[in-house]
Amino acid sequence: MPQISSFYGLLILMNFKDHLPPHFHVWYGEYKITVSIQEGVVTGSMPQRALKMVFEWLELHRQELSDEWEKAQKGEPLKDIAPLK
């Protein structure tokens, strides 16, 4: 699963040709969640502080994530997305 960003111990990943709805994966230590790109629906759990950073990053990069999702569905190489600073 390609990593498209990382910050503060959070790894952001996206699978090629993954199931709908459009989403990305977040790994943080032992925690693993998926987050839908448009609605921000979370499957799984992680500490609130880490989740807050994920949502802040999502708001900044929603369009880029949608673009990368489209590439991933076609099996095209993915670009890195800037981390949260």
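Notes on the structure in this doc start here.

Parameters at a glance
- The residue numbers shown here count from 1 along each chain, following its written sequence.
- In keeping with the model being predicted, local features are shown solely for residues with a pLDDT of at least 70 and side-chain atom pairs are shown and tallied solely at 80 or more, while totals for entire chains, interfaces and linings include all residues.
- The basis for the side-chain values is all heavy atoms of the structure; hydrogens and waters are excluded.
- Pairing of aromatic rings covers Phe, Tyr and Trp, the last through its six-membered ring, and needs centres within 6.5 Å; plane angles under 30 degrees mean stacked, over 60 mean edge-to-face, and all others mean tilted.
- Both a distance and an angle decide whether a charge sits over a ring: NZ of Lys or CZ of Arg must be within 6 Å of the ring centre and within 35 degrees of the ring normal.
- Only runs of H or I of at least four residues qualify as helices and only runs of E of at least two qualify as strands under DSSP, and these elements are numbered from the N terminus.
- Two strands qualify as a pair provided that DSSP identifies no fewer than 2 bridges between them.

Points about the packing of aromatic side chains
In step 1: Under the counting rule described, the total for this entry stands at three aromatic pairs.
In step 2: Here F7 and Y8 contribute two aromatic rings whose centre-to-centre distance is 6.4 Å and whose plane-to-plane angle is 80°, an arrangement assigned as edge-to-face.
In step 3: In textbook terms, an aromatic cluster arises when at least three aromatic residues are bridged by ring pairs, as seen for F7, Y8, F24 and W57.
In step 4: Over the ring of W27 we find K32; its NZ or CZ atom is 4.3 Å from the centre of that ring.

With respect to unusual backbone geometry
With the exception of glycine, most residues fall at negative phi, and the peptide bonds are largely trans.
In step 1: For the bond running from L20 to P21, omega is -5°, close enough to zero to count as cis.
In step 2: Looking at the secondary structure, you find P21 in the loop between β2 (10–13) and β3 (23–28).
In step 3: Unlike most non-glycine residues, Y8 shows phi in positive territory, near 50°.
In step 4: Located in the positive-phi region is K17, a residue other than glycine, with phi close to 50°.

Some remarks on the pairing of β3
In step 1: When β2 meets β3, the two strands line up antiparallel, connected through three bridges. Across the sheet, residue L13 finds its bridge partner in β3, namely H25.
In step 2: One ladder, built from six bridges, connects β3 with strand β4 (residues 31–36); its direction is antiparallel. Paired with W27 across the strands is K32, a residue of β4.
In step 3: Connecting β3 to the antiparallel partner β4 that follows it, the hairpin turn spans two residues, and G29 within it adopts a positive phi of roughly 60°.

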